[in-house]
Amino acid sequence: MTTKIFVPQPIPEPAAERLRALGELTMFPHVDRRIPYEELLEAVQDKHVLYALGEIPYDKAVIEAAGELKLVAAMHVSAKFVDIAAATRRGIPVSGIPNTGLAKTTAEFTLALLIATAWRLPEADRLLREGRWQQNQSMAINGSRLYGKQLGIVGMGSIGQLLARKAVGCGMSILYNKRNRLSPAEEMVLGGAEYRSLEDLFRESDIVALTPALTKGTKGLVGADLIALMKASAILINTSRGAVLDEVALEEALRGGRIRGAGLDVYQTEVPEPAAGPSEGLKSLPNVVLTPHIGSAARETRQEMALRTVDNIERFLAGQRPMDVLNPEVYGEAARDDERIG
């Protein structure tokens, strides 16, 4: 029997080529729009393997519509956009991918967004393109240097620690907050990072970077009260999840000049929800750098993610357990303890 595989949007070609070698591949070909839901329901009906990506929710109806389904392979760490419970009820494994390469890429991107925001690079680009460059030493575009500044990292997990190492290389000192404080040895490795309460971190930092996973404990973590503690010269960066930050409170602080700037890659409303992205108010502010959730969008990283997903599919079709199973109950194992909600 020929294995039928469905991919709901284009993926890197080396991964697609390996999938074609495994069976009959059907892939929605467009990158400028999402597959319509009714078309998705029809497309999955005779498929044995569903390749899952974050922009395309595989809800209960999709899982149930795939009558021949044997495996859902997600190119994602937690795959909360897949109804894993519905798959588990049918005994269908759902695989994900590890966070290792993603963390390295997201930490690098976070530093890039931090630098672009501190140095006001988008504003400088617009000034030049609009023919407003008049002076080499103009006060029109003065940025903020990094060395000598304090970076406060909220959520000192893998991404936060990698960011800290990079920031130390830029001459920054590190403050951090996490649920469980690091050991003195771990703090020393991170350039002598110092633990702070959330309030003190926001009060003392020149730049605050939000890097925690989205859990019940971190949802809505950063609101008006914490933002009000920040220095007027401070910058806020968010590359974690939009729900961690109150965007209305941030916009009010920016508009009132109570903080200097912000760099955002994630938002309270994201694809596939309607009107995804930042509010019109945030878009109108020149001191905000906005990117469309591209923290892992390095070509090399996305290819690695896709190939790891194919590895899981290949193992499954060869009769082996995928490496990154998100519902190990289908193999008679204990359920994963995952606090993430997004």
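So, a few notes on the structure that sits alongside this text. Since this is a predicted model, take the numbers as computed values, not measurements.

This next bit is on the sheet that holds strand E2 (residues 24–27). A sheet is described by the order of its strands in space; here 5 strands give the open sequence E2-E1-E3-E4-E5, paired in parallel fashion. With one partner strand each, in any of the chains shown, E2 and strand E5 (94–95) form the two edges of the open sheet. Bridge analysis of strand E3 (residues 49–52) against strand E4 (residues 71–74) gives 4 bridges, and the strand direction is parallel. Residue pairing across strands places Val49 opposite Leu71, the latter belonging to E4. The sheet contacts of helix H1 (residues 13–22) involve strand E1 (4–7), E2 and E3, and relative to E2 the element is tilted by about 140 degrees.

Further remarks concern the packing of H1 against helix H13 (residues 299–317). The description of two helices packed together rests on the angle between their axes and the distance between the axes. For the pair H1 and H13, interaxial distance at closest approach is 8 Å and the crossing angle is 15 degrees. Viewed along their axes, H1 and H13 adopt a mutual orientation that is roughly parallel. As for how H1 packs across H13, the hand of that crossing is left-handed. In contact with Pro14, Ala15, Arg18, Leu19 and Leu22 of H1, H13 contributes Gln303, Ala306, Leu307, Val310, Asp311, Ile313, Glu314 and Leu317. For the contact of H1 with H13, the per-class residue count stands at 9 nonpolar, 1 polar and 3 charged.

One can describe the packing of helix H5 (residues 100–118) onto helix H7 (residues 158–169) by two numbers: an axis separation of 8 Å at closest approach and a directional angle of 50 degrees. As judged from the angle between their axes, H5 and H7 are oblique. Considering the relative orientation of H5 and H7, their crossing is right-handed. Contact with H5, carried on its side by Ala103, Lys104, Thr106, Ala107, Glu108, Thr110 and Leu111, involves Ser158, Ile159, Leu162, Leu163 and Lys166 of H7 and no other residues of that element. Residue classes in the contact of H5 with H7 are distributed as 6 nonpolar, 3 polar and 3 charged.

Moving on, we get to the sheet that holds strand E11 (residues 261–264). The parallel open sheet is built from 7 strands, whose spatial order is E8-E7-E6-E9-E10-E11-E12. The open sheet is flanked by strand E8 (194–195) and strand E12 (288–290), the only strands paired with a single partner. Pairing of strand E7 (residues 173–177) with E8 involves 2 bridges; the strand directions are parallel. Paired with Tyr176 across the bridge in E8 is Tyr195. Against the sheet, H7 touches strand E6 (150–154), E7 and strand E9 (207–210), its axis set at about 175 degrees to E6.

Calculation rules
Residues numbered from 1 in each chain as written. Predicted model: local features only at pLDDT ≥ 70, side-chain atom pairs only at ≥ 80, totals over all residues. Heavy atoms only, no water. Pairing = 2+ DSSP bridges. Helix = DSSP H or I, 4+ residues; strand = E, 2+ residues; numbered from the N terminus. Contact = heavy atoms within 4.5 Å. Axes fitted to C-alpha atoms, helices over the stretch in contact; angles between N-to-C directions. Parallel < 35°, antiparallel > 145°, perpendicular 65-115°, else oblique. Left-handed = near helix turned anticlockwise from the far one by under 90°. Nonpolar A, V, L, I, M, F, W, Y, C, P; charged D, E, K, R; others polar.

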